[in-house]
Amino acid sequence: MGSYSFCIAVLVMFNLSFMGFSASLNPYFYAKACPQALPTIKRVVGAAVKQERRMGASLLRLHFHDCFVNGCDASILLDSTSAFTSEKNAVPNANSARGFEVIDRIKYEVDKVCGCPAVSCADILAVAARDSVVALGGPSWEVRLGRRDSTTASESKANVDIPSPSMDLPELFNSFKKQGLNMKDLVALSGGHTLGLSQCRLFKNHIYNESNIDPNFARQRRATCPPNGGDSNLAPLDPTPASFDTKYFSNLVSKKGLLHSDQALYNGGQTDYLVKTYSKNFVAFSKDFASSMIKMGNIKPLTGKRGQIRLDCKKVN
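Identification of the chain as Peroxidase from Olea europaea subsp. europaea is taken from an unreviewed UniProt entry. UniProt, in the comment section headed Subcellular location (unreviewed entry), describes the chain in these words: "Secreted". Looking at the Catalytic activity (unreviewed entry) heading of the UniProt record, one finds this comment for the chain: "2 a phenolic donor + H2O2 = 2 a phenolic radical donor + 2 H2O".

Quick look at the structure:
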């Protein structure tokens, strides 16, 4: 603990010197204390995505699901204790959230290169999300850093605050508004579904019982998602689930959104114009996505003396 305390003291000293004692996040938080931190995260994420392209979407999703529950504080990474039940057990995460072992690998490699546990798990999640998007052909952005890790988690908050794939547009808007995000953020961040896969149980009702879906597309999806059983069978969220592009939005215009909440963004409502714009303009989508990711990453971060820098992302120190 002596070397850990010394390491944290040095980190605080470096950062207070150029942050002017501000509690706000800063992209250069580790620039002096551990300049190899970000390159190390990029290297490990790149290797993980190269091994399994789907991992990029999984790491992006972890950051999203973390930030929507009490802010971007790495609470999603904590295992259950006698004091709380893990957010991993919440309905939006159980048997679907993945990539935890990659975060553990990043934490190990970053602590090794820094010489001590200097980088928070919350910051690792934020940077890994950005590096995953870049690895799959998406935009980059300056991740603001200096988050600290929570000492608790909330399964009940995760069940309530993480948007559901069955939500309509007003519900989605309210869910995002609760986090300080607006309509443009909702559509741009939903564009993260240009990456990854979804389980049959999450879109079964949409392909069997709803009308705002292309009949041929519904038929195609039913082939691997039977009305009874097959709940964990996977389908791509767009035609190119390992590439960051605009096909997610093109699909919505063609009524080929996989999830009910996807198609809700283009269903005669006030977000139709944004979906159309992004479907035709990769630059506009990339720019807005990057801006919204920065905004999301700034949801209620723990800074200063609040929280801690976990030695192990899975448990409180």
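Here the focus is helix H2 (residues 37-51). Here H2 contains 15 residues, and its C-alpha end-to-end distance of 22 Å stays within 8% of the 21 Å for a straight helix at 1.5 Å per residue. Within H2, burial applies to Ala 37, Thr 40, Ile 41, Val 44, Val 45, Ala 48 and Val 49. Down the axis of H2, the smallest arc covering the buried residues is 160°, so these residues share one side. Every exposed residue of H2 that faces more than 90 degrees away from the buried side is listed here: Lys 42 and Lys 50. On its buried face, H2 sits against helix H3 (54-67), helix H4 (100-114) and helix H5 (121-135).

A few words now on the pattern of salt bridges. Using the criterion set out here, one finds 13 salt bridges in the structure. Residues Asp 161 and Lys 178 are paired through a salt bridge, measuring 2.5 Å at the closest nitrogen-oxygen approach. Note that Asp 161 is positioned in helix H6 (residues 155-161) and Lys 178 in the loop between helix H7 (169-177) and helix H8 (183-190), a separation of 17 residues in sequence. Judged by relative accessible area, Lys 178 falls into the exposed class, the value being 53%. If you follow the salt bridges from partner to partner, you end up with Arg 43, Glu 109 and Lys 112 in one network.

Now for H8. Counting buried positions over the 8 residues of H8 gives 7, a clear majority of the element. Against the buried residues of H8 lie H3, H7, helix H11 (247-253), helix H13 (272-280) and helix H14 (282-296). Between the side-chain oxygen at the start of H8 and the backbone nitrogen of Lys 184 there is a gap of 3.1 Å, and the oxygen is on Asn 182.

Before going further, it helps to spend a moment on the environment of Val 134. You can see Val 134 is positioned in helix H5. Residue Val 134 is classed as partly exposed on the basis of its relative accessible area of 33%. The contacts of Val 134, once residues within four sequence positions are left out, are Pro 139 and Ser 140.

Moving on: the state of the cysteines. For the structure on display, the rule yields 4 disulfides. A disulfide bridge connects Cys 121 with Cys 313, and the sulfur atoms are separated by 2.1 Å. On the sign convention where negative is left-handed, the bridge of Cys 121 and Cys 313, at about -95° about the S-S bond, is left-handed. One end of the pair, Cys 121, is in helix H5; the other, Cys 313, is in the segment after H14, and 192 residues separate them in sequence. A relative accessible area of 0% means that Cys 121 is categorised as buried. Across the disulfide, Cys 200 is cross-linked to Cys 225 (sulfur-sulfur distance 1.9 Å). Residues Cys 200 and Cys 225 are joined through a disulfide that is right-handed, its torsion about the S-S bond being 75°. Within this pair, whereas Cys 200 is found in helix H9 (residues 200-209), its partner Cys 225 is found in the loop between helix H10 (215-222) and strand S2 (234-236), the two being separated by 25 residues in sequence.

Evaluation of the coordinates by the stated rule reveals 13 aromatic pairs. Both rings, one in Phe 29 and one in Tyr 30, keep their centres 5.0 Å apart while their planes meet at 80°; by these two values the pair is edge-to-face. Of the two residues examined, Phe 29 and Tyr 30, each falls in the buried class. An angle of 80° between the planes, with centres 4.9 Å apart, marks the rings of Phe 249 and Phe 285 as edge-to-face. One end of the pair, Phe 249, is in helix H11; the other, Phe 285, is in helix H14, and 36 residues separate them in sequence. The exposure class of Phe 249 is buried, given its relative accessible area of 0%. One aromatic cluster is present, formed by Trp 141, Phe 244, Tyr 248, Phe 249, Tyr 278, Phe 282, Phe 285 and Phe 289 through successive ring pairs. Lying across the ring of Phe 100, Lys 88 places its NZ or CZ 4.5 Å from the centre.

Thresholds, definitions, all that
- Residues numbered from 1 in each chain as written.
- Predicted model: local features only at pLDDT ≥ 70, side-chain atom pairs only at ≥ 80, totals over all residues.
- Heavy atoms only, no water.
- UniProt positions renumbered as here; feature names shortened; annotations may be inferred.
- Helix = DSSP H or I, 4+ residues; strand = E, 2+ residues; numbered from the N terminus.
- Expected span 1.5 Å × (residues − 1).
- Buried < 20%, exposed > 50% of the residue type's maximum accessible area, 1.4 Å probe, protein only.
- Arc of directions from axis to C-beta.
- Contact = heavy atoms within 4.5 Å.
- Salt bridge = Lys/Arg side-chain N within 4 Å of Asp/Glu carboxyl O.
- Polar contact = N/O pair within 3.5 Å; in protein donor to acceptor, adjacent residues only side chain to side chain.
- Disulfide = S-S within 2.5 Å.
- Phe/Tyr/Trp six-rings, centres within 6.5 Å; stacked < 30°, edge-to-face > 60°.
- Lys NZ or Arg CZ within 6 Å of the ring centre and 35° of its normal.

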